[in-house]
Amino acid sequence: GDLVPVTELLDGPGAVAAASSSPGLRVGVLFNDDRNLAQGSKDDAVAVESVASCADAVVDACREHGWEAVRLACPRDPRALLERLAEHQVDVVFNLVEALDGDARLEAALGWVLELARVPFTGAPPRAMQLALEKPVARAVLAAAGVAVPKGRTLARGDEPLDGLTYPVIVKPA
């Protein structure tokens, strides 16, 4: 049959009831397990553990709604990922992955792999994920669509003047 965006299944009024009427729905709760990365600070360790806790909470919530759920650490190798999803006969992926092997730039790659394999998943489509990682491009796209965007600068070196900006400012890697 036709693919239905997961957001149509899981969002909106009555969505939980509609999804609950699909007995045997198998949800793969996919998360990035970065506990074995060599680099990182104490704050990074807290973030890594919080992702695992979120995965546990999503699994519990799915089970409370009568769905089967399995917690899956996302491997970097797309073949291994697809094999793992097939092994667990996952119908839909609840995507909590924010990086692969600690590299946030690869977040969108997971979305592309799932789309190519026609595996429905929650969250933003891969094109939106990639755009969000490219802050200057995202700002331009939003501004072109008429969305108010605060004043900002793209800095190449970090020592450029901030003419026209007043403190406090928010600094984001582009």
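1. A word on the overall build of the protein chain
Here is step 1 of the chain: The helix and strand inventory of the protein chain stands at 7 helices and 3 strands.
Here is step 2 of the chain: Ordered by position in the sequence, the α and β elements of the protein chain form the string α-α-β-α-β-α-β-α-α-α.
Here is step 3 of the chain: Counted over contacts in the protein chain with a minimum sequence separation of 6, partners at least 24 positions apart contribute 63%.
Here is step 4 of the chain: Here the protein chain displays about 11400 Å² of accessible surface, and carbon together with sulfur accounts for 56% of that area.

2. Overview of the sheet that holds strand β3 (residues 92–95)
Here is step 1 of the chain: With parallel pairing, the 3 strands of this open sheet are ordered in space as β2-β1-β3. Two strands lie at the open edges of the sheet, namely β2 (68–73) and β3, each paired on one side alone. In this sheet, neighbouring strand axes are inclined to one another by 25° on average, regardless of whether the strands run parallel or antiparallel.
Here is step 2 of the chain: The pairing of strand β1 (residues 26–31) with β2 spans 6 bridges and is parallel. Directly across from Val-27, in β2, lies its bridge partner Ala-69.

3. Focus: a nonpolar patch on the surface
Here is step 1 of the chain: A cluster of nonpolar residues, Tyr-167, Val-169 and Val-171, forms a patch on the protein surface that exposes about 350 Å² of accessible area.
Here is step 2 of the chain: Tracing the backbone shows Val-169 in the segment after α7 (135–144).
Here is step 3 of the chain: When its relative accessible area of 33% is taken as the criterion, Val-169 is described as partly exposed.

4. Focus: the nonpolar core
Here is step 1 of the chain: Counting 16 residues, the largest nonpolar core has Leu-30, Cys-74, Leu-81, Leu-85, Val-93, Leu-110 and Leu-114 as its most contacted members.
Here is step 2 of the chain: Secondary-structure elements contributing two or more residues to this core are α4 (78–87) and α5 (107–116).
Here is step 3 of the chain: In contact with Leu-30, other than residues within four places in its own chain, are Leu-72, Ala-73, Cys-74, Leu-81, Val-93, Phe-94, Asn-95, Leu-96, Val-97 and Leu-110.
Here is step 4 of the chain: Of all hydrophobic cores here, the second largest spans 14 residues; its members include Leu-25, Val-27, Ala-52 and Val-59.

Conventions used here
Residues numbered from 1 in each chain as written. Predicted model: local features only at pLDDT ≥ 70, side-chain atom pairs only at ≥ 80, totals over all residues. Heavy atoms only, no water. Helix = DSSP H or I, 4+ residues; strand = E, 2+ residues; numbered from the N terminus. Contact = heavy atoms within 4.5 Å. Areas by Shrake-Rupley, 256 points an atom, 1.4 Å probe, with all protein chains shown as cover. Pairing = 2+ DSSP bridges. Axes fitted to C-alpha atoms, helices over the stretch in contact; angles between N-to-C directions. Patch = residues over 30% accessible without salt bridge, like charges linked within 9 Å, V, L, I, M, F, W, Y side chains within 5 Å. Salt bridge = Lys/Arg side-chain N within 4 Å of Asp/Glu carboxyl O. Buried < 20%, exposed > 50% of the residue type's maximum accessible area, 1.4 Å probe, protein only. Core = buried A, V, L, I, M, F, W, Y, C linked by side-chain atoms within 4.5 Å.

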